[in-house]
Amino acid sequence: GRSNARTFKVETACPGTVSYADILALAARDSVNLLGGPSWAVPLGRCDAMFSNATGATTDLSGPGSDLDRLVAGFTAKGLTSHDLAALSGAHTVGMARCLSFRMRVYCDDDISPVFASQMWQVCPSSGGDTAVAPLNSVTPAEFNNGYYRGLVAGAGLLHSDHELFNNEPLDTLVRLYSANGAAFASDFAASMVRLGNISPLTGATGEVRLNCRKVNS
Ligand code: HEM
């Protein structure tokens, strides 16, 4: 569990030295790598925040029904590019989404593989069953590779926001490249993860190294 993350060896070796923010960035890197994805050097030295911002998580992240303009705008507001958007969305190579998040996509979008849509109808009823889940990447759901992009090209993007990356607009070229060239995806993903992890890092007096990941130090 998260609250037990301090059983990490870093805490016994160097008490109060490595922040949870840094541990999370390292764990993300290692999770990707353990599933067959790339690895990268994670810049360290983040502090943990003194307060949390639950509403920011909703207002600053675009929802799964967003169109491409909105997705790009959300990334631009954080100093990331549409190229980062195309590469980082490849994290949807693993993990699940709830019916609630993709119902509109599989019942209302025209631009979807009919076979894929009818498979999703089996999982996700047109009403009710909001919490039923399907893999974000039905091609290779448990591997970190470019299967997600192969799905997009085949009209089998699960979220509307996934499909928006391959909708006859500028990012189609990148999606095609990633779908054909796993090494190009792996290398762009790693570079974009470093940029993602460097968004306004908290350092110095405004933060702290938490002793318990669930609360500020007293
Ligand atoms: C580009 C805009 C993005 C949108 C609109 C988006 C949206 C979503 C949604 C709706 C879900 C399913 C949540 C649910 O139904 O409960 C999801 C899952 C997930 N997303 Fe994203 N996402 C985006 C970008 C990213 C990025 C940049 C990453 C990481 C680099 C990421 C990693 C994941 C992972 C790993 C899951 C699976 C979680 C699980 O299985 O528990 N997503 N995303």
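The name an unreviewed UniProt entry gives the protein chain is Peroxidase, with Dichanthelium oligosanthes as the organism. Check the Sequence similarities (unreviewed entry) section of the UniProt entry for the protein chain; it says "Belongs to the peroxidase family. Ascorbate peroxidase subfamily." UniProt, in the comment section headed Subcellular location (unreviewed entry), describes the protein chain in these words: "Secreted".

Undergrad: Got a minute to help me understand the coordination of the iron atom of the ligand in this structure?
TA: Six octahedral donors around a metal ideally sit at 90 or 180 degrees from one another, while four tetrahedral donors ideally sit at 109.5 degrees. Counting protein donors around the iron atom of the ligand gives one, His 92 (NE2), at 2.0 Å. Tracing the backbone through its elements, the reader meets His 92 in the loop between helix 5 (82-88) and strand 1 (96-98).

Undergrad: Would you mind going over a nonpolar patch on the surface with me for this structure?
TA: Taken together, Met 50, Phe 51 and Val 216 make up a surface patch of nonpolar side chains, about 300 Å² in accessible area. Within the element layout of this structure, Phe 51 appears in the loop between helix 2 (20-34) and helix 3 (54-59).

Undergrad: Looking at this model, I keep getting lost on the side chain of Arg 103. Mind explaining?
TA: Relative to the assigned elements, Arg 103 resides in helix 6 (residues 99-108). Polar side-chain contacts of Arg 103 include one of 2.6 Å to the backbone oxygen of Gly 128. Of the polar contacts made by the side chain of Arg 103, one reaches the side chain of Asp 130; its length is 2.9 Å. If we skip the residues at most four places from it in the chain, Arg 103 touches Cys 108, Cys 124, Pro 125, Ser 126, Ser 127, Gly 128, Gly 129 and Asp 130.

The rules behind these values
Residues numbered from 1 in each chain as written. Predicted model: local features only at pLDDT ≥ 70, side-chain atom pairs only at ≥ 80, totals over all residues. Heavy atoms only, no water. UniProt positions renumbered as here; feature names shortened; annotations may be inferred. Donors = N, O, S within 2.8 Å, 3.2 Å for Na, K, Ca; no water. Helix = DSSP H or I, 4+ residues; strand = E, 2+ residues; numbered from the N terminus. Patch = residues over 30% accessible without salt bridge, like charges linked within 9 Å, V, L, I, M, F, W, Y side chains within 5 Å. Areas by Shrake-Rupley, 256 points an atom, 1.4 Å probe, with all protein chains shown as cover. Salt bridge = Lys/Arg side-chain N within 4 Å of Asp/Glu carboxyl O. Polar contact = N/O pair within 3.5 Å; in protein donor to acceptor, adjacent residues only side chain to side chain. Contact = heavy atoms within 4.5 Å.

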